[in-house]
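# Architecture at a glance
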Amino acid sequence: MLKALLLGFIQGATEFLPVSSSGHLVIGAHLLDFSQQSLLFDIMLHLGTLVSVMVVFRHDIGKMIAAPWRWLQGVRSAEVRRFLLWDGCILVATMPAVLVGLTLKDQVEHLFSSILAVCLMLIVTGVLMLVSRRLVDRGNELTGWRALIIGVGQAMAIMPGLSRSGTTIVTGMMLGINRETAARFSFLMSLPAILGAAVLHVPEALRQPPPTEHLVNMAAGTLMSAVTGYLAIVLLLDMVRRNRLPWFGYYCLAVAFIGLAIIVFTS
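Residues numbered from 1 in each chain as written. Predicted model: local features only at pLDDT ≥ 70, side-chain atom pairs only at ≥ 80, totals over all residues. Heavy atoms only, no water.

## Points about the overall build of the protein
Let me state the cut-off plainly: We count a stretch as a helix when DSSP gives it H or I for four or more residues in a row; a strand needs E for two or more, and each element gets its number in order from the N terminus. The cut-offs for exposure are 20% and 50% of the maximum accessible area for each residue type, with area from a 1.4 Å probe on protein chains only; residues under the lower value are buried, those over the upper are exposed, and the others partly exposed. In this description, accessible areas are obtained by the Shrake-Rupley approach with a 1.4 Å probe, and a residue is regarded as covered only by the protein chains that are shown.
For the protein, the count of helices and strands is 12 helices and zero strands. Order of helices (α) and strands (β) in the protein, N terminus to C terminus: α-α-α-α-α-α-α-α-α-α-α-α. The buried share among the 267 residues of the protein stands at 46%. Of the roughly 13,400 Å² of accessible surface on the protein, 70% is carried by carbon and sulfur atoms.

## Describing the confidence of the model for the protein
For the record, the criterion: The pLDDT value expresses, per residue, how confident the predictor is, ranging between 0 and 100.
Across the protein, the average pLDDT comes to 86, with 88% of residues at or above 70. For the protein, the element scoring lowest by mean pLDDT is helix H6 (residues 105-111), at 68; helix H8 (residues 144-156) scores highest, at 95.

## Description of helix H4 (residues 58-72)
Our working rule: A helix is expected to reach a length of 1.5 Å times the quantity of its residues less one. What we call the bend at a residue is the angle made by axes fitted to the seven residues finishing there and the seven residues starting there.
For H4, with 15 residues, the first-to-last C-alpha span of 22 Å sits near the 21 Å given by 1.5 Å per residue. When the local axis directions of H4 are compared, the greatest deviation, roughly 35°, occurs at Ala66, which is followed within four positions by the proline Pro68. Among the residues making up H4, those that are buried are Asp60, Ile61, Met64 and Ala67. Residue Gly74 follows H4 closely and has a positive phi angle near 95°.

## Observations concerning the side chain of Thr222
To keep it simple, the criterion reads: In what follows, a contact means two residues having at least one pair of non-hydrogen atoms within 4.5 Å.
With respect to the element layout, Thr222 can be found in helix H11 (residues 215-241). Excluding residues that lie within four positions of it along the chain, Thr222 makes contacts with Met44, Leu45 and Gly48.

## Some words on the nonpolar core
Spelled out, the test is: As used in this record, nonpolar core signifies buried Ala, Val, Leu, Ile, Met, Phe, Trp, Tyr and Cys residues forming a set joined through side-chain atoms within 4.5 Å.
Counting 50 residues, the largest nonpolar core has Phe185 and Leu236 as its most contacted members. Ranked by residues supplied to this core, first place goes to helix H10 (residues 179-207) with eight residues. Those residues in contact with Phe185 that sit more than four places away from it in its chain are Trp86, Cys89, Ile90, Ala93, Leu142, Ala147 and Ile150. Of all hydrophobic cores here, the second largest spans seven residues; its members include Leu7, Leu40, Phe41 and Met218.

## Notes on the packing of helix H5 (residues 78-103) against H8
Stated formally: Interaxial angles span 0 to 180 degrees and are taken between N-to-C directions of axes, which are lines fitted to C-alpha atoms, for helices over the stretch in contact. Handedness of a helix crossing follows the sense of rotation of the near helix relative to the far helix, less than a right angle counterclockwise being left-handed and clockwise being right-handed. Gly falls in the polar group here, along with every residue not listed as nonpolar (Ala, Val, Leu, Ile, Met, Phe, Trp, Tyr, Cys, Pro) or charged (Asp, Glu, Lys, Arg).
The geometry of H5 relative to H8 is characterised by a closest axis approach of 7 Å and an angle of 30° between their N-to-C directions. Where H5 crosses over H8, the two elements pack in a sense that is right-handed. The segment H5 lies against H8, with Cys89, Val92, Ala93, Thr94, Pro96, Ala97 and Val100 engaging Gly144, Ala147, Leu148, Gly151, Val152, Gln154 and Ala155. Class assignment of the residues belonging to the contact of H5 with H8 gives a composition of 10 nonpolar, four polar and no charged.

## Examining unusual backbone geometry
Phi angles above zero are rare outside glycine, and Asn243 is one such case at about 55°. Its location among the elements puts Asn243 in the loop between H11 and helix H12 (245-266).

## Points about the environment of Ser21
The residue Ser21 is located in helix H2 (residues 21-31) in this model. Relative accessible area serves as the criterion here: at 10%, Ser21 is assigned to the buried category. Expressed as a C-alpha distance, the spacing of Ser21 and Gln11, which sit 10 residues apart in the sequence, is 5.5 Å. Discounting residues that sit within four places of it in the chain, Ser21 has contacts with Gln11, Thr14 and Glu15.

Written as structure tokens, this is what we have:
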């Protein structure tokens with residue numbers, strides 16, 4: 001139960017903070033001697049963070065779902081057009097991750113057994129966070145091609161140690177999009193990415209179902225990931241508004257170099 005709660009906390013806290021949830025789960029599972037947890041448990045942890053996004057952005061999600069129907073009913077307001085645009089942008093941004101997930105799934109999963117790969121990608125994440133301080137808002141709007149570029153960043157972040165939220169937010173800022181808009185889009189585009197990744201692994205997970213006595217632990221870990229995910233989103237939105245992303249960069253670099261030191265001295 002304690003290990004499940006700890007991993008649920010790690011997943012929820014790091015899924016949206018730009019420090020790489022996958023990297024922390026690899027390191028955390030290794031340190032907790034919990035590297036053989038079921039695939040279904042990993043899926044449940046990610047679904048917990050999915051719930052946290054839906055709670056924080058429930059109003060935006062509701063308007064995005066309603067926008068196509070309102071358009072068909074003849075409503076052509078600026079709000080309906082804006083949320084229709086976001087619907088399309090999220091669809092476009094999801095395509096690169098789907099392509100990578102379907103074609104490079106086995107190669108990417110192999111990296112999850114390498115602490116060295118995680119540490120190197122954490123260094124990349126740290127550098128991206130430090131660079132974000134110098135990026136300025138050029139007043140550019142979110143468009144289809146900009147969404148596609150952000151989606152490519154999301155697809156690259158499938159590698160463990162490379163933060164999905166950090167990569168997509170910084171990519172949006174590099175394109176001249178307002179940092180708060182980039183952060184909001186990053187969170188909303190995580191919905192199909194997280195759900196798609198979970199669905200992709202469901203058949204494999206069901207072939208190796210966990211023992212019944214583990215279900216309570218899985219439920220506890222899922223609840224923990226949902227609660228901490230909610231708090232992480234609120235925290236990151238505040239940090240983005242105050243241009244504090246470099247703080248996470250220093251953290252990622254520290255974790256990466258500590259990990260590299262452990263590899264060197266224990267090899």
